[in-house]
Amino acid sequence: MQKYMRWSGLLVVLMLVLAACQADTGGSSDPSADESTPASSEGAGGTADCDADEFGCVEIAEGDPIIIGTELVITGANESLGLDSQYGAEVARGLRPDIAGHEVEFNHQDDGCSAEGGTAAARALVSEENIAGVIGTSCSSAGIPSAEILSAEGVMLVSPSNTAPSLTAPETHEPFYARTAHNDSIQGAAMATFVCEVLSLTTAATIDDGSPYADQLANVFAREFESQCGGTITNEEAITVGDTDFSGVLENIAADSPEFLYFPIFVAEGALITQQAKETSGLDDTVLGGADGYFTPDWLSAAGEATEGHVLSGPDLAFAGDFYEADFLPAYLEVSGTDTTISVFHAHAFDAYNMLADAIEEVAFTEGGTTYIPRTALKDAFFAIEGYEGITGTLTCDENGDCADAKISVSEVQDGEFVRIWPEE
Amino acid sequence: MPARRARLNLVNIFLWVFGGAILALSAWGAFLTLSEGRISPSAWQTLIVAGVALGSVYALIALGYTLVYGILFMINFAHGEVFMWGAFTAFFAASALNDIGMIDASPLLAFLLVLLTAMLVSMLVAVLLERVAYRPLRGAPRLVPLITAIGASLVLQYTARGFYGSGVRGYPGFGLFGGTVELGPIRIDVVELVVIFAALALMFALYFFINRTRTGRAMRAVSEDKDVAAMMGINVDRIIVTTFAIGGLLAGAAGILYTLLFNQVHFFMGFLPGIKAFTAAVLGGIGNIIGAALGGLLLGILEQVGPNLLLTGYGIPSPNQLQDVIAFTVLVLVLIFRPSGLLGRKENV
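As the structure is a prediction and not an experimental result, all values here were calculated from the model.

About the thresholds
Residues numbered from 1 in each chain as written. Chains lettered and ligands numbered in written order. Predicted model: local features only at pLDDT ≥ 70, side-chain atom pairs only at ≥ 80, totals over all residues. Helix = DSSP H or I, 4+ residues; strand = E, 2+ residues; numbered from the N terminus. Contact = placed C-beta atoms within 7 Å. Rg over C-alpha atoms; globule rule 2.2 N^0.38 Å. Buried ≥ 20, exposed ≤ 12 C-beta atoms within 10 Å, placed from the backbone. Pairing = 2+ DSSP bridges. Axes fitted to C-alpha atoms, helices over the stretch in contact; angles between N-to-C directions. Parallel < 35°, antiparallel > 145°, perpendicular 65-115°, else oblique. Left-handed = near helix turned anticlockwise from the far one by under 90°. Expected span 1.5 Å × (residues − 1). Nonpolar A, V, L, I, M, F, W, Y, C, P; charged D, E, K, R; others polar. Core = buried A, V, L, I, M, F, W, Y, C linked by C-beta atoms within 7 Å. Domains from an automatic or database assignment.

Caption draft 1: Molecular detail of the overall build of chain A. The helix and strand inventory of chain A stands at 13 helices and 18 strands. In chain A, 72% of the contacts between residues at least 6 apart in sequence involve partners at least 24 apart.

Dropping the structure here:
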């Protein structure tokens, strides 16, 4: 036994030494950056911009890659949401491998679709000193702390799929945050219009899961439903993420038999409620509806036959045009290895990558072989984007970071597939 | 000394007042809700049945906690993962049988086959867990097995994640258990009926095993005093392994019953039911088999019925988000009034 102890002690010491060596090599790669810094500050022309910039510059030595972070939910029940965006960004990199003369390298982080995950991922990303910008987050819950952490370091965060209104509301907007996804004040209103005008229903109930996305979207829908056609909201319920049995919530809602039940939440609970609502008497004739949080084949397979007739709102890709069909989709399927797209925000990630690249190239300058990107100037260039022709439409950023050319469509599940039904093309 | 007693009494008085206030508030809330009459009697019945079904799954898992505690006086925190492995096995067995068309051809046989595989795999995991993570530490201080339990739990979780990925998977399901039946005035989903009866059958089998068989008697002897039991010629190690194996079998069964109810598996699914079942075991009196069963049922019903019954009357928005608060408030109350759980902690199994 003692012998084992001694050996394991030795092992621990060895590991410590190795770790120390690693730290050394980490340090020794830095000097190359250190060398270039004094060299360029001697030049003192453009780098004065860096000194003037509140957050300094990203510095990329000659031949080094430029690092773009991604912060998306790439594991767990909602992985299809994040992986979809990640594939979109990878397709974009495939078509535009260099930005400002440097090869692009991704630093992929997982936002965990939660505030905790977003905090950890954002910390990991800001610890990368020369990160040029970040594409993320997938979930609004992760976006709120991430925007704060990255903005404090002057790192641009562009989200392909955060939709919670509060992220770009004037009072709560973080300065370095922007998004190519639509704002849910638009999506909620579109869904309300659909329910009022197309389905002609007058009573509805909502369920959210306490996440900023679901909470705000359900709320927007409820207010719009009341104001657009004088509909009645019978119940605004909430559940906890991770729960599995929702009979309590559903029985409570069924007591008022609403004609429409809207639960814009995520995959796991979304699938369970879809199934359990079908088994609740009192909700037999209720139309079920959701949103882009579980607009994925994963939800279809998790909830099975209960999905039939379900209506979901999401970004409208019918306007995406020829490039989307002819070039983007084949490249996407090659990257993903799947038969279809696995969620609805890949095009937004593609646009986010290219807009970020454009803004970087606009402000980057080279001196003594090193490329400098002043961080505040990058932000200003991004927020000044106007009339950018992307896959998702013509994007123009406002001062609060809403860049999307928001178009919402509603799809219905028919024979186990999503079929776009509204608005008419 | 008198001063100290006075302070203790003050604490006791506070706790009693606190408990009494909560009980009074609950009673008033229930009265308000019922007099409002918004939720129909049949809806209450549905909720209670759903609660019993969920509770009987909790009870099966809780039995595993309680059995091990009864013998080793340790909390096997990896037990939720044993349950999760049962659910995953059931998922893969059911998918395989579905692919070869057996589920359509002879659903009952397929179900029994899936149940058996799930129980066996869970048993294997539980036995391995004991052999690898707990037996080498049998003589160690109490905190040590607790830490390995948490470690083992993470290993089991992330092994499952490595094998099967981190997504949520739908479950093929058995057409056999679709639809509802009328039992007198009550309408029950067949699935829930199956779950409740399967769980009850297993609990009776366990009760019989502990009280009527030689091995059961040996288990009781070991839980009373390991050393004396060993002197009487009982192989203590074997009895401990048996205990883990039984806990594993029950957890495996709970795994498939849970997936029957909710049609979903993912690698983190063992965590919450594990915690809930542990709570159920404490609620009923840890180490006490009947207590674990009772605690599980009570917790299940409380979760389903509690929020609607106690909170809607006060007009609290989205009460069901608070279901865990209610469940754990009840735990606190029980521990205030009966520190050793509802049925008390039995020293023997």
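Caption draft 2: Inspection of the overall build of chain B at higher detail. Counting its secondary structure elements, chain B contains 13 helices and four strands. In summary, chain B has a C-alpha radius of gyration of 22 Å against a globular reference of 20 Å for 349 residues, a match within 12%. Projected onto the principal axes, the alpha-carbon positions of chain B cover approximately 55 × 55 × 40 Å. Out of the 349 residues in chain B, the part that is buried amounts to 48%. Long-range contacts, defined here as pairs at least 24 residues apart, represent 79% of the contacts in chain B between residues at least 6 apart.

Caption draft 3: Quick look at the sheet that holds strand β2 (residues 66–72) of chain A. All names here are of chain A. On the basis of which strands lie adjacent, the open sheet formed by six strands has the order β3-β4-β2-β5-β6-β7 and mixed pairing. In this open sheet, the two strands that pair with only one neighbour each are β3 (98–99) and β7 (177–179). The pairing of strand β5 (residues 131–136) with strand β6 (residues 157–159) spans two bridges and is parallel. Considered in β6, the bridge of Ile-135 is made with Val-158.

Caption draft 4: Examining the sheet that holds strand β13 (residues 365–367) of chain A more closely. All names here are of chain A. On the basis of which strands lie adjacent, the open sheet formed by three strands has the order β1-β14-β13 and antiparallel pairing. Only two strands of the sheet have a single partner each, and these edge strands are β1 (57–60) and β13. Averaged over all adjacent pairs, the angle separating strand axes in this sheet is 30°, with direction ignored. Strands in contact with helix α13 (residues 375–383) are β1 and β14 (370–374); relative to β14, the strand with the most contacts, it is inclined by about 60°.

Caption draft 5: Representation of the pairing of strand β2 (residues 180–183) of chain B in the model. Residues and elements named next belong to chain B. In terms of strand pairing, β2 meets strand β3 (residues 186–189) through four bridges, oriented antiparallel. Residue pairing across strands places Val-181 opposite Ile-188, the latter belonging to β3. The turn linking β2 back onto β3 is made up of two residues, and Gly-184 within it adopts a positive phi angle of 60°.

Caption draft 6: Representation of the packing of helix α3 (residues 79–95) of chain A against helix α11 (residues 322–336) of chain A. Residue and element names in this part refer to chain A. For the pair α3 and α11, interaxial distance at closest approach is 9 Å and the crossing angle is 115°. Comparing the axis directions of α3 and α11 gives the class roughly perpendicular. In this structure, α3 meets α11 at a crossing whose hand is right-handed. The segment α3 lies against α11, with Tyr-87, Gly-88, Glu-90, Val-91 and Gly-94 engaging Phe-328, Ala-331, Tyr-332, Val-335 and Ser-336.

Caption draft 7: Summary view of α3(A). If you check α3(A), its first and last C-alpha atoms are 24 Å apart, about what 17 residues at 1.5 Å a residue would give, namely 24 Å. With 15 of its 17 residues buried, α3(A) lies for the most part within the structure.

Caption draft 8: Here's a closer look at the interface of chain A and chain B. Contact residues are listed per partner, giving 31 residues for chain A and 29 residues for chain B. At the level of secondary structure, the elements contributing two or more residues to the side of chain A that touches chain B comprise β9 (232–238), α8 (247–254), α9 (267–278) and α10 (297–303) of chain A. Among the elements that line the side of chain A that touches chain B, the one with the most residues is α8(A), at six residues. When grouped by side-chain class, the residues that make up the side of chain A that touches chain B number twelve nonpolar, twelve polar and seven charged.

Caption draft 9: Summary view of the nonpolar core. Within the largest apolar cluster, 232 residues are counted, with the highest numbers of intra-cluster contacts made by A:Leu356, A:Ile360, B:Ala59, B:Leu60, B:Ala253 and B:Leu257. At 20 residues, the largest contribution of residues to this core is made by helix α2 (residues 41–72) of chain B. Ignoring sequence-local partners within four residues, the contact set of B:Leu60 consists of B:Ala199, B:Leu202, B:Leu250, B:Ala251, B:Ala253 and B:Ala254.

Caption draft 10: Quick peek at the domain arrangement of chain A. All names here are of chain A. Under the domain assignment used here, chain A contains domain 1 (57–183 + 320–406) and domain 2 (185–316 + 410–422). Just the C-alpha atoms count here: the centres of domain 1 and domain 2 sit 29 Å apart. At the interface, 23 residues of domain 1 touch 19 residues of domain 2. Within the residue set of the side of domain 1 that touches domain 2, elements represented by two or more residues are α3 and α5 (140–152). Element by element, the count of residues in the side of domain 1 that touches domain 2 is highest for α5, at three residues. Per-class residue counts for the side of domain 1 that touches domain 2 are eleven nonpolar, twelve polar and no charged.

Caption draft 11: Expanded view of α11(A). All names here are of chain A. In this model α11 runs 20 Å from its N-terminal to its C-terminal C-alpha over 15 residues, within 8% of the 21 Å that 1.5 Å per residue would give. Listed in full, the buried residues belonging to α11 are Phe-328, Tyr-332 and Ser-336. Against the buried residues of α11 lie α3 and α12 (346–363). Trailing α11 by a residue or two, Gly-337 shows a phi angle of about 70°, which is positive.

Caption draft 12: The arrangement of unusual backbone geometry in detail. Residues and elements named next belong to chain A. Of note, the bond from Gly-136 into Thr-137 is cis; its omega dihedral lies within 30 degrees of zero at 0°. Mapped onto the elements of the fold, Thr-137 is located in the loop between β5 and α5. Of note, the bond from Trp-422 into Pro-423 is cis; its omega dihedral lies within 30 degrees of zero at -5°. Looking at the element boundaries, Pro-423 is found in the segment after β18 (417–422). The backbone phi angle of Ala-100 is positive, close to 50°, even though this residue is not glycine. Relative to the elements of secondary structure, Ala-100 occurs in the loop between β3 and β4 (102–110). Phi is positive for Asp-415, which is not a glycine, with a value near 50°.

Caption draft 13: Structural view of the packing of α2(B) against helix α10 (residues 236–262) of chain B. Residues and elements named next belong to chain B. Interhelical geometry of α2 versus α10 gives an angle of 165° and a closest axis separation of 9 Å. In terms of orientation, α2 lies roughly antiparallel with respect to α10. Handedness of the crossing formed by α2 with α10: left-handed. Contact residues: α2 offers Ala-53, Leu-54, Val-57, Leu-60, Ile-61, Leu-63, Gly-64, Leu-67, Val-68, Ile-71 and Leu-72, while α10 offers Ile-240, Thr-243, Phe-244, Ile-246, Gly-247, Leu-250, Ala-251, Ala-253, Ala-254, Leu-257, Tyr-258 and Leu-261.

Caption draft 14: Layout of the environment of B:Val191. All names here are of chain B. Along the chain, the position of Val-191 falls in helix α7 (residues 190–212). Linking Val-191 and Gly-287, residues 96 residues apart in sequence, is a C-alpha distance of 30 Å. Dropping the residues within four chain positions of it, Val-191 is found in contact with Phe-177, Leu-260 and Leu-261.

Caption draft 15: Examining the domain arrangement of chain B more closely. The domains assigned to chain B are domain 1 (1–32) and domain 2 (43–337). If you average the C-alpha positions of domain 1 of chain B and of domain 2 of chain B, the two centres end up 33 Å apart.

Caption draft 16: Up close: the environment of A:Leu81. Residue and element names in this part refer to chain A. Tracing the sequence through the fold places Leu-81 in helix α3. Here Leu-81 falls in the buried class, since 31 other C-beta atoms lie within 10 Å of it. Here the alpha-carbon distance between Leu-81 and Leu-395, two residues 314 residues apart in the chain, equals 22 Å. What Leu-81 contacts, discounting residues up to four positions off in sequence, is Val-73, Ser-138, Ser-161, Thr-296 and Ser-343.

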